[in-house]
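# Summary of structural features
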Amino acid sequence: MFALFTTLVWGSCFVLTKVMLQAFTPIQIIPLRMGLAYLALWALRPKTLRLPLKDELMFILIGVTGGSFYFYLQNTAAAHTSAANVSILVSMSPILTVLLAQLFSRKGEKLGKWVYIGAVVAIAGVVLVVLNGTLSFHLSPLGDLLALAAALMWAVYSILIKKYTEQYDNFIVTRRVFLWAFLTAVPLMIVTDGMPDLAPLFTQPNILLSWLFLGVFGNAVCFAIWNIAFKRLGVVITNNYLYATPFVTVVVGWLLLDEKISVMSIFGAVLITLGVIFANKQTEKTE
């Protein structure tokens, strides 16, 4: 349920990000989201956490891979290639997570053929949903490489964070990640687009509501419960739910922005659902 709820919220975030782009650049949105998420988690769990230097350094890496650089690469990729390319390539993160889990995980989550079959079926569904009846997919080397780098960042984050959610309080762990995501995103913003004008947050209700949704639900709440899903389901199985995110985006875009939904995207949604079911069959057999 945590994984499904998070998928619904994250799929909606793409649409609400479009609203914020009316007032801010893609890079400026990152520290705005991270800073609000950090404050929200402080309100939810007002406790401090002292970490050994080794763990603190690891949290900096986690904050970069799952926060500042992940969103930076994803947003920058969109400026160099089509949104369809970015969505499809970023959705490769579950497959990259499978590979990294096998290469670097000491416990080595046991994976069978159903995980791989599910991944292939779900990826096919993602492609159909994102193309949404257009049947157009154009390669743009720089943008596509940036999107793949974002997918790799999320896979690395997924592998790194699981250990610490088992070792420390999950909400405090998530808060620490956003602290470092914020601190590393601010220099990126200053170097690229400069400081944002915050006036729209207080003068335009749609901008304010979008920011609150993205920061509180999209980041603070969902990252925390996503980490809980990591503990319960495992990194690989949890990340398979990300395949459904493009379909959620299409539906929310249809509801809020009057964007079209084609028969192709509906068929893609069926494939995504089957892919997640196939991947979960492996968990049922091993438990």
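For the structure, check the block above.
Right, let's walk through the structure included here. Quick caveat: nothing in here was measured; it's all calculated off a predicted structure. (Residues numbered from 1 in each chain as written. Predicted model: local features only at pLDDT ≥ 70, side-chain atom pairs only at ≥ 80, totals over all residues. Heavy atoms only, no water.)

## Side note on the overall build of the protein
Quick note on the threshold: Helix numbering and strand numbering both begin at the N terminus, where a helix is a DSSP run of H or I of at least 4 residues and a strand a DSSP run of E of at least 2. Think of it in three bands: residues with accessible area under 20% of the maximum for their type are buried, residues over 50% are exposed, and the middle band is partly exposed, with areas taken using a 1.4 Å probe on protein chains only. We call two residues in contact whenever any of their non-hydrogen atoms come within 4.5 Å of each other. In short, Shrake-Rupley with a 1.4 Å probe defines the accessible areas, and a residue's cover is counted only from the protein chains shown.
Helix and strand content of the protein: 13 helices and zero strands. Among the 287 residues that make up the protein, the fraction classed as buried is 54%. Look at the contacts in the protein between residues 6 or more apart in sequence, and 88% of them connect residues 24 or more apart. Accessible area for the protein stands at about 13600 Å²; split by element, carbon and sulfur atoms hold 71% of it.

## Re the nonpolar core
Spelled out, the test is: Here, nonpolar core means buried Ala, Val, Leu, Ile, Met, Phe, Trp, Tyr and Cys residues that are tied together by side-chain atoms lying within 4.5 Å of each other.
Formed by 54 residues in total, the largest nonpolar core has its most connected members in W10, W154 and W226. Counting residues per element, this core draws most heavily on helix α10 (residues 205-233), which supplies nine residues. Ignoring anything within four residues of it in the chain, the contact list for W154 reads W10, T65, G66, Y70, S93, F223, W226, N239 and L242. Judged by nonpolar contacts, the second largest core, of five residues, contains A101, V115, V236 and I237.

## Some words on the packing of aromatic side chains
Inclusion rule: Pairs were defined over the aromatic rings of Phe, Tyr and Trp, the Trp ring being its six-membered one, requiring ring centres within 6.5 Å. Orientation was assigned from the angle between planes: stacked under 30 degrees, edge-to-face over 60, tilted for the rest. Put simply, a charge is over a ring when the Lys NZ or the Arg CZ is close to the ring centre, within 6 Å, and near the line of the ring normal, within 35 degrees.
Using the criterion set out here, one finds 10 aromatic pairs in the structure. Here the aromatic rings of Y70 and F71 are separated by 5.1 Å at their centres, their planes lie at 75 degrees, and the arrangement is edge-to-face. On the basis of relative accessible area, Y70 is assigned to the buried category, the value being 11%. Ring centres 6.4 Å apart and planes at 0 degrees place the aromatic pair Y164 and Y168 in the stacked group. Judged by relative accessible area, Y168 falls into the buried class, the value being 19%. The aromatic ring of W42 is capped on one face by R175, whose charged end is 3.8 Å from the ring centroid.

## Side note on the pattern of salt bridges
Any two side chains of opposite charge can pair, so long as their charged atoms come close to each other. As a reminder of what qualifies: One speaks of a salt bridge when a side-chain nitrogen belonging to Lys or Arg is within 4 Å of a carboxyl oxygen belonging to Asp or Glu.
Applying the stated criterion across every chain, the model contains two salt bridges. Taking the shortest distance from any N to any O, the salt bridge between R45 and D169 comes out at 2.4 Å. On the criterion of sequence distance, the pair formed by R45 in the loop between α2 (26-44) and α3 (53-80) and D169 in the loop between α7 (141-167) and α8 (170-192) is long-range, its members being 124 residues apart. On the accessibility criterion, R45 (24% relative accessible area) is partly exposed. Accessibility expressed as a relative area gives 29% for D169, which makes it partly exposed. Among the ionic pairs, E56 bridges to R176, the shortest N-O distance being 2.7 Å. Placement of the pair is E56 in helix α3 and R176 in helix α8, with a sequence separation of 120 residues. Among the residues examined, E56 registers a relative accessible area of 16% and is labelled buried.

## Topic: the environment of L4
Mapping L4 onto the fold places it in helix α1 (residues 2-20). Expressed as a C-alpha distance, the spacing of L4 and T238, which sit 234 residues apart in the sequence, is 9.3 Å.

## Looking at the side chain of T65
Quick note on the threshold: Any pair of nitrogen or oxygen atoms within 3.5 Å is treated as a polar contact; in protein, a donor-acceptor pairing is required on top of that, and neighbouring residues in sequence qualify only through side-chain atoms on both sides.
Along the chain, T65 turns up in helix α3. Within the structure, the side chain of T65 is placed 3.2 Å from the backbone oxygen of I62, a separation counted as a polar contact. Not counting residues up to four positions away in its chain, the partners in contact with T65 are Y70, M153, W154, V156 and Y157.

## Structural notes on α8
Applicable threshold: Here the expected length of a helix is defined as 1.5 Å per residue gap, with one fewer gap than residues.
Taking 1.5 Å of rise per residue, the 23 residues of α8 would be expected to cover 33 Å, and the 33 Å separating its terminal C-alpha atoms lies within 8% of that figure. In the segment just after α8, G194 is the residue with positive phi, at about 80 degrees.

## Observations regarding the packing of α7 against α10
Quick note on the threshold: What counts as an axis is a line fitted to C-alpha atoms, over the stretch in contact for a helix, and the angles between N-to-C directions run from 0 to 180 degrees. Any angle from 65 to 115 degrees is called roughly perpendicular, while one under 35 is roughly parallel, one over 145 is roughly antiparallel, and all others are oblique. Any residue outside Ala, Val, Leu, Ile, Met, Phe, Trp, Tyr, Cys, Pro, Asp, Glu, Lys and Arg is labelled polar, Gly included; the first ten of those are nonpolar and the last four are charged.
Two elements in contact, α7 and α10, have axes separated by 9 Å at closest approach and are oriented at 80 degrees. Considered as vectors, α7 and α10 are oriented roughly perpendicular to each other. Side by side, α7 and α10 meet where W154, Y157, S158, I161, K162, T165 and E166 of the first sit next to F223, W226, N227, F230 and K231 of the second. When its residues are assigned to classes, the contact of α7 with α10 shows six nonpolar, three polar and three charged.

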